[in-house]
Amino acid sequence: MTGWWHTPVMVGEALQLMRVRAGGKYVDTTLGGGGYAEKILEALGPDGLVLGIDQDAEAIAFARQRLKDFPNFRPIHDNFSRLGDILDAHGIGEVNGIVFDLGVSSHLLDQPERGFSFQREGPLDMRMDQDLPDTAEHLVNDLSRPALEEILREYGEEPFASRIVRAIIDRRQVSPLKTTKDLADLIYRAYPRKLRYGRTHPATRAFQALRIAVNDELTALQTALASGLDRLAPDGVLCCVSYHSLEDRIVKQFFQRHKASRYGEEQDSRALHILTPKPLVPSDQEVANNSRARSAKLRAAARVAPSTEPTRQFMP
């Protein structure tokens, strides 16, 4: 059952960093199929609480069934950008740990009808929350040339954004782009011929960029990190697994901005002790077992407890 949805990446390392404590309160902000939440609940025991947040209604339904034997689990259909409001609604002040497993779940990639993957033909959708108003089809067929180029450059770091958008504009003057195959084939043809046969498909960056834009993923992450730090208990841990450089950069810069000063100096009330001076990456064995783990990076930081020197770091 777990393999059908998503295999959590570096879950052992994440739990070691979080040091789940009996009676604690934890948040899995990207519930998916419940992989991280399940491991936290097992370590937590019968006391405490785990909130699992996901904007995909299918993920909530799946995790609710999978974790039905844990009475201290609460699934919440919402966007993690509203973390502060969610905690308020559930009468929770501080939490002891927050996990972010970013990116798109394997389940969504494997569902052609959700339109996330260029490897399977489906509608150009890409909405994690099906109630969102705009799809990827809307972006590629309705946005201006400058707006589309900006999305591909900023969210996909696509070096051939101009060529791709020029091809999109030419195509939509004849007929709109409707399916993932339509767009992937167009991008393939727009790419320089000698670069079409590399390790990754030419459409990889563009599809990532459109997905991020449709779901406003980077803004949501920045908002959720700030809200999470506000609600983190002393010595509580923020644990983030990212899958591309844009996410990882946001997490790294957020941790650096709130990095604690040297021991003995006055600390900011929102100071963090960075537990992973360098991001952790999956082992060769984990990548062999789960190819989608290959680009993952894990960063974690703990909120500094008053009058204490946080010395904990990851020990392999």
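Being a predicted model, the structure only gives us computed values, none of them experimental. (Residues numbered from 1 in each chain as written. Predicted model: local features only at pLDDT ≥ 70, side-chain atom pairs only at ≥ 80, totals over all residues. Heavy atoms only, no water.)

Draft legend 1. Region of interest: the pairing of strand 3 (residues 73-77). Both strand 2 (residues 49-54) and strand 3 contribute to a ladder of 5 bridges, which runs parallel. Note on strand 3: the bridge partner recorded for Ile53 is Ile76. In this fold, the crossover linking strand 2 to strand 3 by way of helix 4 (residues 57-66) has right-handed handedness. (Pairing = 2+ DSSP bridges. Helix = DSSP H or I, 4+ residues; strand = E, 2+ residues; numbered from the N terminus. Right-handed = clockwise from strand over helix to strand, strands pointing away.)

Draft legend 2. Geometry of the packing of helix 9 (residues 161-172) against helix 10 (residues 180-190). One way to put it is that helix 9 packs onto helix 10 with a least axis distance of 9 Å and a crossing angle of 125°. On the basis of the axis angle, helix 9 is oblique to helix 10. In this structure, helix 9 meets helix 10 at a crossing whose hand is right-handed. Contacts from Arg163, Ile164, Ala167, Ile168 and Arg171 in helix 9 reach Asp182, Leu183, Leu186, Ile187 and Ala190 in helix 10. Of the residues in the contact of helix 9 with helix 10, the class split is 7 nonpolar, no polar and 3 charged. (Axes fitted to C-alpha atoms, helices over the stretch in contact; angles between N-to-C directions. Parallel < 35°, antiparallel > 145°, perpendicular 65-115°, else oblique. Left-handed = near helix turned anticlockwise from the far one by under 90°. Contact = heavy atoms within 4.5 Å. Nonpolar A, V, L, I, M, F, W, Y, C, P; charged D, E, K, R; others polar.)

Draft legend 3. Highlighting helix 3 (residues 35-44). Most of helix 3 is tucked away, with 7 of its 10 residues classed as buried. Residues of helix 3 that are buried include every one of Gly35, Tyr36, Ala37, Glu38, Ile40, Leu41 and Leu44, and no others. Count one or two residues on from helix 3 and you reach Gly45, which has phi positive near 80°. (Buried < 20%, exposed > 50% of the residue type's maximum accessible area, 1.4 Å probe, protein only.)

Draft legend 4. Expanded view of unusual backbone geometry. Although it is not a glycine, Glu157 sits at a positive phi angle of roughly 50°. Within the secondary structure, Glu157 sits in the loop between helix 8 (145-156) and helix 9. The backbone of Asp216 sits at a positive phi, close to 50°, despite the residue not being glycine. Locating Asp216 in the fold gives a position in the loop between helix 11 (204-215) and helix 12 (217-231). The class for Asp216 is partly exposed, based on a relative accessible area of 39%.

Draft legend 5. Inspection of the pattern of salt bridges at higher detail. Tallied over the entire structure, the rule returns 17 salt bridges. Linking Arg231 and Asp88 is a salt bridge whose minimum nitrogen-to-oxygen distance equals 2.9 Å. Within this pair, whereas Arg231 is found in helix 12, its partner Asp88 is found in helix 5 (residues 83-89), the two being separated by 143 residues in sequence. Through salt bridges with shared partners, one network takes in Arg19, Arg21 and Asp235. (Salt bridge = Lys/Arg side-chain N within 4 Å of Asp/Glu carboxyl O.)

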